[in-house]
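Geometric and topological summary
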Amino acid sequence: MSTTPDSAVRAYLADHREAFLDDLAEWLRIPSVSADPERAADVRRSAEWLAAKLSGTGFLTTEIWETEGLPAVFAEWPSGDPAAPTVLVYGHHDVQPAAREDGWHTDPFEPHTVDGKLYARGAADDKGQVFFHTLGVRAHLAATGRSAPAVNLKLLIEGEEESGSPNFPALIEKHADRLACDAVIVSDTGMWSRDTPTVCTGMRGLTDCQVDLYGPDQDIHSGSFGGAVPNPATEAARLAAALHDADRRVAVPGFYDGVIELTDRERELFAELPFDEEQWLRTAHSHATLGEAGSTTLERIWARPTAEVNGIGGGYQGPGGKTIVPAAAQLKLSFRLVAGQDAAAVQQSVRDWVADRLPAGIRHDITFWGATRPCLTPLDHPALQSVVRAMERAFETKIRFTREGGSGPAADLQDVLGVPVLFLGISVPSDGWHAPNEKVELDLLMKGVETAAYLWGDLADTWRTA
Ligand SMILES: [Zn+2]
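Residues numbered from 1 in each chain as written. Predicted model: local features only at pLDDT ≥ 70, side-chain atom pairs only at ≥ 80, totals over all residues. Heavy atoms only, no water.

Some points on the sheet that holds strand β11 (residues 306-314)
Whether parallel or antiparallel, the strands of a sheet pair through hydrogen bonds between backbone atoms. Note the following rule: Strand pairing follows a simple DSSP-based rule, namely that at least 2 bridges must link the two strands. Only DSSP runs of H or I with at least four residues qualify as helices, and only runs of E with at least two residues qualify as strands; both kinds are numbered from the N terminus onward. In this analysis, axes come from line fits to C-alpha atoms, helices being fitted only over the stretch in contact, and the angle between any two N-to-C directions falls in the range 0 to 180 degrees. What makes two residues a contact is simply this: any of their non-hydrogen atoms within 4.5 Å.
Taken together, 4 strands build an open sheet; the order of strands is β11-β13-β9-β14 and the sheet is antiparallel. The open sheet is flanked by β11 and β14 (363-372), the only strands paired with a single partner. Between one strand and the next, the sheet's axes are offset by a mean angle of 15°, whatever the strand orientation. Bridge analysis of strand β9 (residues 205-214) against strand β13 (residues 328-337) gives 10 bridges, and the strand direction is antiparallel. Paired with Cys-209 across the bridge in β13 is Leu-333. On top of the sheet, helix α10 (residues 343-357) reaches β9, β13 and β14; it is set at about 165° to β14, its chief contact.

So, the environment of Ala-236
Let me state the cut-off plainly: Relative accessibility thresholds used throughout: buried, under 20% of the residue-type maximum; exposed, over 50%; partly exposed, between the two (1.4 Å probe, protein chains only).
With respect to the element layout, Ala-236 can be found in helix α6 (residues 232-242). For Ala-236, a relative accessible area of 1% gives the class buried. Along the chain, Ala-236 and Ala-435 lie 199 residues apart, while their C-alpha atoms are 36 Å from each other.

Description of the domain arrangement of the chain
Heads up, the rule is: Per the annotation, domain bounds derive from an automatic or database assignment of domains. Buried area: the sum, over both parts, of the accessible surface (1.4 Å probe) that disappears when the two are put together. Should a side-chain nitrogen of Lys or Arg be within 4 Å of a carboxyl oxygen of Asp or Glu, the pair is scored as a salt bridge. N or O atoms within 3.5 Å of each other form a polar contact, as long as, within protein, one can give a hydrogen and the other can take it, and as long as residues adjacent in sequence are counted only when both atoms are side-chain atoms.
Taken domain by domain, the chain consists of domain 1 (6-203 + 374-462) and domain 2 (205-259 + 305-372). Just the C-alpha atoms count here: the centres of domain 1 and domain 2 sit 40 Å apart. Between domain 1 and domain 2, the contact holds 8 residues from the first and 8 residues from the second. Buried area between domain 1 and domain 2, both sides added, is near 550 Å², and the carbon and sulfur share of it is 64%. Considering only the surface of domain 1 that becomes buried against domain 2, Pro-374, Leu-376 and Ser-407 emerge as the three largest contributors, covering 71% of it. Our enumeration of links across domain 1 and domain 2 arrives at 0 salt bridges. In this structure, the connection of domain 1 to domain 2 is made through 2 residue pairs in polar contact (both at pLDDT 80 or more).

Here's what the structure looks like:
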């Protein structure tokens, strides 16, 4: 197996670090805020800037892909080896809004470096983490003497991620042939901490809904009628209370169908992480932990499906009392899903459960707003093993495993392209995503470059796909 000499990669990075950071700063100066219609031209300028930079890096194809909204960038660089795996890197070039008055110490779109930290909107989320792939692939070529990457390399860098990726599913369906690959590498996540570098192996899915309950045709007198007719607010509360059983398991029949349970090995790996529950509680702004019996906190937020009451309302909410049986009440519910669960089946289970529990005289509507599917890459997947080895060479330490409790567009790539999704990110929790004074730590950013420099050779050497 031919491995890239690490010293050759490091020497190349030392020579090119300054120019790389200058280029990144230039990109960060473009305020590509997708949420702000007045910045639409800047988002386009950001896409054009990136496309030009990727051409300069050596990608044979670079294209701006239009959507109903803001443009994405696609780039492709074939390896010339028919048995080499094809990898698609996903990231985004749009950023969250930012303004001095939000609490930034300096202009969020004028990058500056203090104590090895580069401050700018998008430094970590996600321009820095997209950009490390440009120098990474150059270092891979320089250190191996190749003229094309060892894998067939594709990039898809979206322009609307910070606005909920409204046009992303349509975009990838339209271009599914060009995006065909053996694995997706998402560089839009982070690590546990700088001392505990990690790879994320999955994200939970999500589906959420509103339940509207209707009782009498109007608010009615609680003395004349109350206690003798059904009350929609009472029924909303009864549904909310029945959502979990005494062990805090979700009580909707069929909810857990298909759930891929954690293996003992995965539980051990979670337990190896230096998790400080007191500190986590402070970040949660909560005063105690509570969840499904038999699972740890990390298991609950990463690997168990959950149901949450996001809101409950109905009836009189004004000052003083008003003795009525209200006409209507509402519940907002969300369900985090894990691998093996089918979002459509969960939605049907919830519909059946609600319909079964309501008494005659309560009409109801359930509106689901959509579903994001969960994704999970098995620990023994060859591409995941390559990511871990490449990170271990760059970070010179053991790489541990996390999952992500939230949900994102990565699952669309998994579903449409039918391939596993892996997560390679070097950001740390203190980087302040979506917050004032977002930053990226330059030594970690360079570890990201170095990881990318080792990854393509390792993948091509260990994973033949033809
Ligand atoms: Zn992001």
